[in-house]
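Each chain, letter by letter, is given below.
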Amino acid sequence: MSLPLNLGPEVAQARAEGRAIVALESTIITHGMPFPQNVETARAVEDGVRAAGAVPATIAIMGGQICIGLTQNQLDQLGQAQDVAKLSRADLAACLVTGAMGATTVAATMICAHLAGIRVFATGGIGGVHRGAETTFDISADLLELAATPVTVVAAGAKAILDLPKTLEVLETHGVPVITFGQDDFPAFWSRSSGLASPLRMDSAAQIAAAHLMRARLGLPGGQLVANPIPVEAEIPSDEITPVIEAALREAQAQGISAKMVTPFLLDRMYEITQGRSLTANISLVLNNARLAAAIAREMAAQD
Ligand code: PSU
Ligand code: MN
């Protein structure tokens, strides 16, 4: 049986021509931002990839197919649908078999991108080790996917709703290169610095692309995490965001939020507490990541 892979026309053409393609996830659309900003942002991010000379491929599961590159209609449908499944590695096959609509997380997007031969992926923030993981065991499957699947993921670091030191430790254990772009400190999503040193630093897209290709030559499985700091003008300093994070975490605990609902719950509460400012920052950093990912994808296409 063939793969249930459905390439959008723009992606199919780019693939035939060997052009640079950047994968984009869909959980950020269904579970990360409210409508209509989710759909507007998804379109702006796609345009940002095009303006930087690559082709965007937003990935989601629709009608029993892995859709690589959504039409405007599909994007609208996804952005407004209720009860879309949040898919990680564990849920992907089941969703394809049942025909339900599913949004791909970082982990699932990496798997689908790799099946389609796409090596670079831009998002906002990755999942990680949650605070209190020593009792809940809540560690995102995104981390293990980075260890297994050869896709370079550009994110603005990880949110400080997570336990960032433990997140870096788990990445280290599993052999995932964590490369911060243009600075020594690992960024913390809304803030440019987490106060933690980044394991690696690179200052050019060409080097990041070369490092990805070198890992493949060495026979090392897995991808790379590229941490791209939020633009200065969009940053929310950590002394402002920390109390908001703590309030959201307290509410999650009081309401017994667990498993897959933890990240969406926290994002939604932070949006409300900051009166939308967390979303404005989120949109700005995703656009910034899309541009860097496009530059890396172009370098990779040029180097091989
Ligand atoms: N972090 C964010 N925004 C997001 C997500 C994470 O700042 O939208 C989404 C991504 O799709 C990520 C997923 O892959 O949440 C991680 O979920 P979990 O923690 O349940 O693994
Ligand atoms: Mn989790």
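Quantities reported herein were computed from a predicted structural model and do not represent experimental measurements.

A.B. asks: Is there a simple way to explain the packing of helix H3 (residues 37-51) against helix H4 (residues 72-80) in this structure?
C.D. replies: How two helices pack is summed up by the angle between their axes together with the distance between the axes. With their axes 9 Å apart at the nearest point, H3 and H4 run at an angle of 145° to one another. At the point where H3 passes H4, the crossing takes the right-handed sense. Contact residues: Asn38, Val39, Ala42 and Arg43 in H3; Gln72, Leu75, Asp76 and Gly79 in H4.

A.B. asks: I'm lost on the pairing of strand S9 (residues 178-181) in this one. Help?
C.D. replies: Note on strand geometry: in a regular strand, side chains alternate between the two faces of the sheet. Relative to strand S13 (residues 224-227), S9 runs parallel, the two being bridged by three bridges. Residue pairing for S13: Val178 is matched across the bridge by Leu225. Note: S9 against strand S12 (residues 200-202), three bridges, orientation parallel. Residue Thr180 lies in a different strand from S12, and its bridge partner there is Arg201.

A.B. asks: Where do I start with the environment of Thr263 in this structure?
C.D. replies: With respect to the secondary-structure elements, Thr263 resides in helix H12 (residues 262-273). For the pair Thr263 and Asp163, spaced 100 residues apart in sequence, the C-alpha to C-alpha distance is 13 Å. When sequence neighbours within four positions are dropped, the list of residues in contact with Thr263 reads Lys86 and His130.

A.B. asks: Hey, could you run me through the site of ligand 1 in this one?
C.D. replies: Near ligand 1, the surroundings consist of 15 residues, among which Glu25, Lys86, Ser140, Asp142 and Lys159 are the closest. Contact distances for ligand 1 include 3.4 Å between a nitrogen atom and a backbone N or O atom of Gly125. One of the side-chain nitrogen or oxygen atoms of Thr263 is found 3.0 Å away from an oxygen atom of ligand 1. Comparing atom positions with the cavity grids shows ligand 1 to sit within the largest pocket. For the shell around ligand 1, the elements supplying multiple residues, two or more each, are helix H2 (27-32) and H12. When the residues that make up the shell around ligand 1 are grouped by side-chain class, the tally is four nonpolar, seven polar and four charged.

A.B. asks: Could you clarify how one ought to interpret the packing of aromatic side chains in this entry?
C.D. replies: Aromatic rings in a pair are described by how distant their centres are and how their planes are angled relative to each other. One pass over the full model with this rule turns up one aromatic pair. Residues Phe189 and Trp190 carry aromatic rings whose centres are separated by 5.0 Å and whose planes lie at 85° to one another, so their mutual orientation is edge-to-face. For the pair Phe189 and Trp190, a shared accessibility class is recorded, and that class is buried. Its end group placed over the ring of Phe189, Lys159 keeps NZ or CZ at 3.8 Å from the ring centre.

A.B. asks: What exactly am I supposed to notice about the environment of His31 here?
C.D. replies: When you line up the elements, His31 lands in helix H2. For the pair His31 and Lys86, spaced 55 residues apart in sequence, the C-alpha to C-alpha distance is 7.6 Å. Residues contacting His31, with those up to four places away along its chain left out, are Val84, Ala85, Lys86, Pro264 and Leu267. Separated by 2.7 Å, the side chains of His31 and Thr30 make a polar contact.

A.B. asks: So what exactly am I meant to see when it comes to helix H6 (residues 106-115) here?
C.D. replies: Because the α-helix completes a turn every 3.6 residues, residues three or four places apart line up on one side. Counting buried positions over the 10 residues of H6 gives eight, a clear majority of the element. Gly117 sits one or two residues past H6 and shows a positive phi near 75°.

A.B. asks: How should the pattern of salt bridges be read in this particular structure?
C.D. replies: Close approach of charged atoms allows side chains of opposite charge to pair. According to the stated counting rule, one finds 14 salt bridges in the structure shown. A salt bridge links Arg50 to Glu10; the shortest N-O distance between them is 2.7 Å. In this pair, Arg50 sits in helix H3 while Glu10 sits in helix H1 (residues 9-16), placing the two residues 40 residues apart along the sequence. For Arg50, a relative accessible area of 34% corresponds to the partly exposed category. When its relative accessible area of 33% is taken as the criterion, Glu10 is described as partly exposed. Between Arg277 and Glu240 there is a salt bridge whose closest N-O contact spans 2.7 Å. You can see Arg277 sitting in helix H13 (residues 277-303) and its partner Glu240 sitting in helix H11 (residues 238-254), a full 37 residues away along the chain.

A.B. asks: Looking at this model, I keep getting lost on the nonpolar core. Mind explaining?
C.D. replies: Nonpolar side chains tend to gather and get buried jointly when the protein is soluble and globular. Ranked by internal contacts, the top residues of the largest apolar core, which has 101 residues, are Val22, Ile68, Ile126 and Ile296. Per-element tally for this core: the top contributor is H13, with 11 residues. Discounting chain neighbours no more than four positions away, the residues touching Ile68 are Leu5, Asn6, Leu7, Gly8, Val11, Ala57, Thr58, Ile59, Cys112, Ala116 and Ile118.

A.B. asks: In this structure, what is going on with the layout of surface pockets? I would like to understand it.
C.D. replies: It is the rolling of a water-molecule-sized probe over the atoms that shows where space remains empty. One number sums up the size of the largest pocket: a volume of about 660 Å³. Taken together, 36 residues line the largest pocket, and the ones lying closest to its centre are Lys86, Thr105, Ser140, Asp142 and Thr263. Of all elements in the fold, only H2, strand S5 (85-87), helix H8 (141-148) and H12 reach the threshold of two or more residues within the lining of the largest pocket. Tallied by class, residues from the lining of the largest pocket come to 14 nonpolar, 14 polar and eight charged.

Conventions we followed
- Residues numbered from 1 in each chain as written.
- Chains lettered and ligands numbered in written order.
- Predicted model: local features only at pLDDT ≥ 70, side-chain atom pairs only at ≥ 80, totals over all residues.
- Heavy atoms only, no water.
- Axes fitted to C-alpha atoms, helices over the stretch in contact; angles between N-to-C directions.
- Helix = DSSP H or I, 4+ residues; strand = E, 2+ residues; numbered from the N terminus.
- Left-handed = near helix turned anticlockwise from the far one by under 90°.
- Contact = heavy atoms within 4.5 Å.
- Pairing = 2+ DSSP bridges.
- Near = heavy atom within 4 Å.
- Polar contact = N/O pair within 3.5 Å; in protein donor to acceptor, adjacent residues only side chain to side chain.
- 1 Å grid on protein atoms, 1.4 Å probe; cavity = no way out; pocket = protein on both sides within 12 Å on 5 of 7 lines; lining within 4 Å.
- Sits in = over half its atoms within 2 Å of the grid points.
- Nonpolar A, V, L, I, M, F, W, Y, C, P; charged D, E, K, R; others polar.
- Phe/Tyr/Trp six-rings, centres within 6.5 Å; stacked < 30°, edge-to-face > 60°.
- Buried < 20%, exposed > 50% of the residue type's maximum accessible area, 1.4 Å probe, protein only.
- Lys NZ or Arg CZ within 6 Å of the ring centre and 35° of its normal.
- Salt bridge = Lys/Arg side-chain N within 4 Å of Asp/Glu carboxyl O.
- Core = buried A, V, L, I, M, F, W, Y, C linked by side-chain atoms within 4.5 Å.
- Points joined across faces, edges and corners; volume = space filled by probe spheres on them.

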